[in-house]
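Okay, here's what each chain looks like letter by letter:
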Amino acid sequence: MEEKKTFDDIVSLARRLRAPGGCPWDREQTLGSLRAYVLEEAYEVIQAIELRDTDGLIEELGDFLFQVVFISQIASEEDRFNVGDVTQRLHDKLVRRHPHVFGEKKAKDAADALRTWNAEKLKEKKGKPDLEEIPRAMPSLMRAQRVGEKASRVGFDWSDASSVLAKVKEELAELEREMEAGEEDRCREEWGDLVFSMVSLARHLDIDAETTSHEAVSKFIERFSRLEEKAQAGKKEIKTLSAEQMDEIWEEIKKT
């Protein structure tokens, strides 16, 4: 049986690819050019998880891991850091933020463990929650939820979901007024405020806004595909159906 490759084997492979005589494409890459690939690989990992594709998940995690190794190799060539610095920093952080595992502190449940993690993280940030540290490249709903979470930790938040719902209604009314006035720029701003307040409501309802929105889009795609199938079964193109016909079929699909 062939011996399985280790992390060090992958690090050596990355060095070989970047070395003189290695892969021309790999040798041309920079930290900047790899940004899109990091995002792409992350999304492919998520898709494999959602599809419960075990074999695919193994492959996609490998691709994602290689991005870490490859970026570290390029940084090493620029005398900035190497993969050993990355693993050392990760090791130290995990130990430091888990005093309830590696120290004397105890955690009675998952919520208590999370509070401990956040408390240790705040110590590292000198007690100042920095909203700017949340990546701008993060998907917008996820970023909005993280911003709300950080603000909430210092007490800047609504008291409960009902209070947030009132804010949602207020923002919706403001958007309606700007729509009636025909103010396009103001509509854009009020729409953004409405979405942010909706994400805050999701947070208070313990709903992951990004994942739930993703699921809603997938549900719409599935239902629309079935709408197209039903139209084709009736030997019609969907665009030839009246609004009433589409609504009738759509409601039938929802019931089933």
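Residues numbered from 1 in each chain as written. Predicted model: local features only at pLDDT ≥ 70, side-chain atom pairs only at ≥ 80, totals over all residues. Heavy atoms only, no water.

**Focus on the packing of aromatic side chains**
So, step 1. Evaluation of the coordinates by the stated rule reveals four aromatic pairs.
So, step 2. On the basis of an interplanar angle of 45° and a centroid distance of 5.3 Å, the ring pair of F220 and W250 is categorised as tilted. You can see F220 sitting in helix α11 (residues 209–233) and its partner W250 sitting in helix α12 (residues 243–255), a full 30 residues away along the chain.
So, step 3. Residue classification places F220 among the partly exposed positions, given a relative accessible area of 48%.
So, step 4. Site record: aromatic cluster; members linked through ring pairs are F220, F224 and W250. (Phe/Tyr/Trp six-rings, centres within 6.5 Å; stacked < 30°, edge-to-face > 60°. Helix = DSSP H or I, 4+ residues; strand = E, 2+ residues; numbered from the N terminus. Buried < 20%, exposed > 50% of the residue type's maximum accessible area, 1.4 Å probe, protein only.)

**Structural notes on a nonpolar patch on the surface**
So, step 1. Taken together, the side chains of F7, L65, V68, F81 and V86 make up a nonpolar region of the molecular surface, amounting to roughly 330 Å² of accessible area.
So, step 2. Looking at where V68 falls in the secondary structure, it is placed in helix α4 (residues 54–77). (Patch = residues over 30% accessible without salt bridge, like charges linked within 9 Å, V, L, I, M, F, W, Y side chains within 5 Å. Areas by Shrake-Rupley, 256 points an atom, 1.4 Å probe, with all protein chains shown as cover. Salt bridge = Lys/Arg side-chain N within 4 Å of Asp/Glu carboxyl O.)

**Quick word on a negative patch on the surface**
So, step 1. Negative charge collects at one region of the surface, where E2, E3, D8 and D9 lie side by side.
So, step 2. Here D9 lies in helix α1 (residues 7–18).
So, step 3. We classify D9 as partly exposed; its relative accessible area is 34%. (Lys, Arg positive; Asp, Glu negative; His and termini not counted. Charge placed at Lys NZ, Arg CZ, Asp CG, Glu CD.)

**What about the side chain of R203?**
So, step 1. If you trace the backbone, R203 turns up in helix α10 (residues 184–204).
So, step 2. Take R203: its relative accessible area is 15%, and that puts it in the buried class.
So, step 3. With residues near it in sequence (within four places) discarded, R203 still touches Q145, G148, E149, S152 and D157. (Contact = heavy atoms within 4.5 Å.)

**Focus: α11**
So, step 1. Over its 25 residues, α11 extends 36 Å from the first C-alpha to the last, a length consistent with the 36 Å expected when each residue adds 1.5 Å.
So, step 2. Listed as buried for α11 are A209, L227 and A231.
So, step 3. In the segment just after α11, K235 is the residue with positive phi, at about 55°. (Expected span 1.5 Å × (residues − 1).)

**Some thoughts on the packing of α11 against α12**
Angle between the axes and distance between the axes: these two values describe a pair of packed helices.
So, step 1. Where α11 contacts α12, the axes come no closer than 10 Å and their chain directions differ by 120°. The pairing of α11 with α12 is recorded here as oblique in orientation. Considering the relative orientation of α11 and α12, their crossing is right-handed. Touching F220, R223, F224, R226, L227 and K230 of α11 are M246, I249, W250, E252, I253 and K254, all from α12.
So, step 2. Here the contact of α11 with α12 is built from residues that sort into seven nonpolar, no polar and five charged. (Axes fitted to C-alpha atoms, helices over the stretch in contact; angles between N-to-C directions. Parallel < 35°, antiparallel > 145°, perpendicular 65-115°, else oblique. Left-handed = near helix turned anticlockwise from the far one by under 90°. Nonpolar A, V, L, I, M, F, W, Y, C, P; charged D, E, K, R; others polar.)

**Structural notes on the pattern of salt bridges**
So, step 1. All told, the structure shown has 16 salt bridges when counted by the stated rule.
So, step 2. The salt bridge partner of R18 is E77, with a shortest N-O separation of 2.6 Å. Of this pair, R18 sits in helix α1 while E77 is found in helix α4, placing the two residues 59 residues apart along the sequence.
So, step 3. Ionic pairing is found between E149 and R146, a salt bridge with its closest N-O pair at 3.3 Å. Taken together, the residues span about one helical turn, with E149 and R146 both in helix α8 (residues 140–153) at a distance of three residues.
So, step 4. According to the relative accessible area criterion, E149 is partly exposed, its value standing at 25%.
So, step 5. Salt bridges here are not isolated pairs; linked through shared partners, they connect E178, R186, E189 and E190.

**Let's talk about the side chain of R97**
So, step 1. Tracing the backbone shows R97 in the loop between α5 (83–96) and α6 (99–102).
So, step 2. Accessibility expressed as a relative area gives 5% for R97, which makes it buried.
So, step 3. Within the local environment of R97, its side chain forms a polar contact with the side chain of E124, the two groups lying 2.6 Å apart. (Polar contact = N/O pair within 3.5 Å; in protein donor to acceptor, adjacent residues only side chain to side chain.)

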